[in-house]
Amino acid sequence: MRILILFILVGSLYVFAGNRIQFPADWPDMKFVEEGVILKGNPLYGMVPGYHVTLMNDKAWKHFKKHFRDFKMKKEVPPFPVGSKVVFVNLKGKHSKTPRIILVMLKTGKPGDVGGWKWEGFVMPEKRRIVKNPLKDCANCHYKGKRDWDGIFVPHAK
Ligand code: HEC
């Protein structure tokens, strides 16, 4: 038993210290935030065309709900807490549960991570990672023209 606990501890330390985001296997259980369609002409079309849902883990969801009004009014809102996870799931169609690609942002709060988030994308079903350079591949666009915000579009959507 002790050995098992030790293994689990070492294992979680490894994951915690690791530089890579784990695949968000819990995405089907995450909280639904919004859905949308990326049409031709949208700069995201090349990567995530068509239908998507945006989901949050409990930590992010709590923060989002707590500050919902301020988000909607585009007021200043405190940054998402460490441990917040937001995923953008590009599905094969509105009535499909089969993801084509899953984008993830995970709040670490660490200065080495752009905006305090880790960024990754997984091509499904093989879960192939697509991010080589988080700044170039993802964050530059999220922070375009505006460095002093938390980089999450969802609250500003609609
Ligand atoms: C061309 C600009 C652009 C690039 C590049 C980009 N994003 Fe986004 N991202 C957006 C926009 C705009 C949205 C909001 C889209 C919507 O909900 O309709 C978004 C939404 C998201 C969301 C949902 C949360 C939110 O902010 O609304 C996640 C997670 C995400 N992107 C992660 C990534 C990751 C990881 C990468 C790199 C692989 C990436 N993005 C690259 C523009 C971009």
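A tally of helices and strands in the protein chain yields 4 helices and 6 strands. The helix and strand sequence of the protein chain, counted from the amino end, reads α-β-β-α-α-β-β-β-β-α. Residue burial in the protein chain is summarised as follows: out of 158 residues, 23% are buried. Considering only intrachain contacts with a sequence separation of at least 6, the fraction spanning at least 24 residues in the protein chain is 47%.

A few words on the site of the ligand. By nearness alone, 23 residues border the ligand, and Leu103, Cys138, Cys141, Phe153 and Val154 come closest of all. Broken down by element, the shell around the ligand gets its largest block of residues, 4 residues, from helix 4 (residues 134-142). Looking at the shell around the ligand, its residues break down into 17 nonpolar, 4 polar and 2 charged.

Attention now moves to the sheet that holds strand 1 (residues 31-38). Across the sheet, 6 strands lie side by side as 1-2-3-4-5-6; this open sheet has antiparallel pairing. Since the sheet does not close on itself, it has two edges, and those belong to strand 1 and strand 6 (128-129), each with one partner. Here strand 3 (residues 85-91) pairs with strand 4 (residues 99-107) via 7 bridges, running antiparallel. Bridge assignment links Val87 to a residue of strand 4, and that residue is Val104. Its contacts with the sheet place helix 2 (residues 58-66) against strand 1, strand 2 (50-56) and strand 3, and it is angled at close to 90° to strand 2.

Turning our attention to the environment of Trp27. Along the chain, Trp27 falls in the loop between helix 1 (2-17) and strand 1. We classify Trp27 as partly exposed; it has 18 C-beta atoms within 10 Å. Spatially, the C-alpha atom of Trp27 lies 8.3 Å from that of Met56, the residues being 29 residues apart in sequence. If we skip the residues at most four places from it in the chain, Trp27 touches Leu55, Val87, Val89 and Ile102.

Moving on, we get to the pairing of strand 5 (residues 117-123). Most of strand 5 is tucked away, with 5 of its 7 residues classed as buried. When strand 5 meets strand 6, the two strands line up antiparallel, connected through 2 bridges. Looking across to strand 6, one finds that Val123 is bridged to Arg128. The antiparallel hairpin formed by strand 5 and strand 6 contains 4 residues in its connecting segment, where Lys127 sits at a positive phi of about 60°.

So, on to helix 2. Listed as buried for helix 2 are Ala60, His63 and Phe64. Taken end-on, helix 2 shows its buried residues confined to a sector of 100°, consistent with a single buried face. Where helix 2 is buried, its residues touch strand 1, strand 2, helix 3 (68-72) and strand 3.

Within the largest apolar cluster, 23 residues are counted, with the highest numbers of intra-cluster contacts made by Met56, Val87 and Val104. The contact partners of Val87, leaving out residues within four places of it in the chain, are Pro24, Trp27, Met30, Leu55, Ile102, Leu103 and Val104.

Right, let's talk about the confidence of the model for the protein chain for a bit. The pLDDT averaged across the protein chain works out to 89; a share of 86% of its residues lies at or above 70. Across residues 13-17, where pLDDT falls below 50, the model places 1 contact with residues more than four positions away in sequence or in other chains.

Right, let's get into the environment of Gly36. Position of Gly36 among the secondary structure elements: in strand 1. The sequence separation of Gly36 and Val53 amounts to 17 residues, and the corresponding C-alpha distance is 6.5 Å.

So, about the environment of Trp117. Mapped onto the elements, Trp117 comes out in strand 5. A sequence separation of 34 residues divides Trp117 from Gly151, and the C-alpha atoms of the two residues are 8.8 Å apart.

Scoring rules and cut-offs
Residues numbered from 1 in each chain as written. Predicted model: local features only at pLDDT ≥ 70, side-chain atom pairs only at ≥ 80, totals over all residues. Helix = DSSP H or I, 4+ residues; strand = E, 2+ residues; numbered from the N terminus. Buried ≥ 20, exposed ≤ 12 C-beta atoms within 10 Å, placed from the backbone. Contact = placed C-beta atoms within 7 Å. Near = placed C-beta within 6 Å. Nonpolar A, V, L, I, M, F, W, Y, C, P; charged D, E, K, R; others polar. Pairing = 2+ DSSP bridges. Axes fitted to C-alpha atoms, helices over the stretch in contact; angles between N-to-C directions. Arc of directions from axis to C-beta. Core = buried A, V, L, I, M, F, W, Y, C linked by C-beta atoms within 7 Å. pLDDT = per-residue confidence, 0-100.

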